[in-house]
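Architecture at a glance
The chain contents come next:
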Amino acid sequence: MTITSKEINAAFSAEVTAQPGGEHLNRCYSCGACSGACPVSQAIPDFDPRRMIHMIRMGLKERLLTSDLLWYCSSCQNCVFVCPQDVRFAEIVGALRKLALEQGLVSEQDLVDKGKTARVERDECVSCLTCVRVCPWRIPVIDQGGKAYIDPKECRACGICPTECPAAAIQLNESADERLIAACGTGR
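Read on for an overview of the structure. Model, not experiment: these values are computed from the prediction.

In this section: the overall build of the chain. From N to C terminus, the chain includes 11 helices and four strands. For 188 residues, the compact-globule estimate of 2.2 N^0.38 gives 16 Å, and the chain sits close to it at 18 Å. With the C-alpha coordinates aligned to their principal axes, the bounding extent of the chain is approximately 50 × 40 × 30 Å. Counting every position in the chain, which comprises 188 residues, the buried fraction comes to 39%. For the chain, restricting intrachain contacts to residue pairs at least 6 apart in sequence, the fraction spanning at least 24 positions comes to 67%. Measuring between centres, the 21 positive side-chain charges of the chain sit 4 Å from its 23 negative side-chain charges.

Right under this line is the structure:
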C-alpha cells in the first residue's frame, strides 16, 4: 500500500479527537489488545482496530473514511473492555462514521446498499410498533406521518427489526462482511 503526500491530512487526528467519541484517541499506545479481542478482526483480517488508529494518526482521512472498514465494526465493545488505556475504539469508529456521513464521503443510500442500515418501505408499514418494541437500541420510531422510521446513522444493521416485522416492511440488504464471514465457513 503506497501512500502519497496528497493523501496525508495532518489535521485528521485533531479532527477525530474533537468529535464526541474520539476524545480518547491519544491515549492509545498501540498495544494491540483491541485487535486481539475483536471478533470482527478474527473473521475479517483487514479489519484491525490498531491499524485503523494508525491510519488516523498518519492522516489518511479520505482512505479511511471512504473505506468499508468503518462499517464492519459491530460495536460489541470487546475492545473497550480489554483496553488498558480506556481508548474506547468502538466510540472512535462512531466518530469516524459521523465524519464520513457529514462530509459526504458516504451517503445514507450507500449504507442501505452496503447492508449497514435497515430501511422502511413506507407503503408497506402498518405502524404496528413491533420494530419499536424489539430494537434493543430504540432506533426505530414512528414519524409524523405515522410510519416507522429508522435513522441510518444510528442503525446497527443487526437484523432484528426486519426479521420481526409482521408486514415485511423493513428491508436489510446482505452486507459485504456477512458474505466474507460466510466465505470463511464455520464447519457447521
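Another aspect to go through is empty space enclosed by the protein. In total, this model carries four cavities of 30 Å³ or more according to the counting rule given. Here the largest cavity is characterised by a volume of approximately 120 Å³. Secondary structure elements with two or more residues in the lining of the largest cavity: helix 2 (33-37) and helix 4 (49-58). Residues of the lining of the largest cavity, tallied by class, amount to 11 nonpolar, three polar and two charged.

Attention now moves to the state of the cysteines. Applying the stated rule across the entire model yields zero disulfides. We note that Cys38 lacks a disulfide partner, and the nearest cysteine sulfur, in Cys76, lies 6.1 Å from it. As a non-bridged cysteine, Cys125 has Cys131 as the owner of its nearest cysteine sulfur, 6.3 Å distant. Relative accessible area serves as the criterion here: at 9%, Cys125 is assigned to the buried category.

Within the secondary structure layout, Arg97 lies in helix 7 (residues 89-102). A relative accessible area of 16% places Arg97 in the buried class.

For an α-helix the count is 3.6 residues per turn, leaving residues at separations of three or four pointing the same way. With 14 residues, helix 7 extends 20 Å from end C-alpha to end C-alpha; this agrees with the ideal 20 Å at 1.5 Å per step. Burial analysis of helix 7 places 10 of its 14 residues in the buried class, the great majority of the element. All buried positions along helix 7 are accounted for by Phe89, Ala90, Ile92, Val93, Ala95, Leu96, Arg97, Leu99, Ala100 and Leu101. Its buried side turned inward, helix 7 meets helix 1 (12-17), helix 4, helix 5 (61-65), helix 6 (78-82) and helix 8 (108-113). A positive phi of about 70° marks Gly104, the residue just after helix 7.

This part is about the pattern of salt bridges. Considering all chains together, one arrives at 10 salt bridges under this definition. Notably, a salt bridge pairs Asp48 with Arg51, separated by 3.9 Å at the nearest N-O pair. Judged by its relative accessible area of 15%, Asp48 is buried. When its relative accessible area of 38% is taken as the criterion, Arg51 is described as partly exposed. One salt bridge connects Asp143 with Arg122, and the closest N-O pair in it is separated by 2.5 Å. Pair noted here: Asp143 is in the loop between strand 2 (141-142) and strand 3 (148-149) and Arg122 is in the loop between strand 1 (119-120) and helix 9 (130-134), with a separation of 21 residues, a long-range link. A relative accessible area of 24% places Asp143 in the partly exposed class. Three or more residues joined by partner-sharing salt bridges are found here, namely Arg27, Asp86 and Arg88.

What counts, and at which threshold
- Residues numbered from 1 in each chain as written.
- Predicted model: local features only at pLDDT ≥ 70, side-chain atom pairs only at ≥ 80, totals over all residues.
- Heavy atoms only, no water.
- Helix = DSSP H or I, 4+ residues; strand = E, 2+ residues; numbered from the N terminus.
- Rg over C-alpha atoms; globule rule 2.2 N^0.38 Å.
- Buried < 20%, exposed > 50% of the residue type's maximum accessible area, 1.4 Å probe, protein only.
- Contact = heavy atoms within 4.5 Å.
- Lys, Arg positive; Asp, Glu negative; His and termini not counted.
- Charge placed at Lys NZ, Arg CZ, Asp CG, Glu CD.
- 1 Å grid on protein atoms, 1.4 Å probe; cavity = no way out; pocket = protein on both sides within 12 Å on 5 of 7 lines; lining within 4 Å.
- Points joined across faces, edges and corners; volume = space filled by probe spheres on them.
- Nonpolar A, V, L, I, M, F, W, Y, C, P; charged D, E, K, R; others polar.
- Disulfide = S-S within 2.5 Å.
- Expected span 1.5 Å × (residues − 1).
- Salt bridge = Lys/Arg side-chain N within 4 Å of Asp/Glu carboxyl O.

The analysis is restricted to geometry; functional conclusions fall outside its scope.
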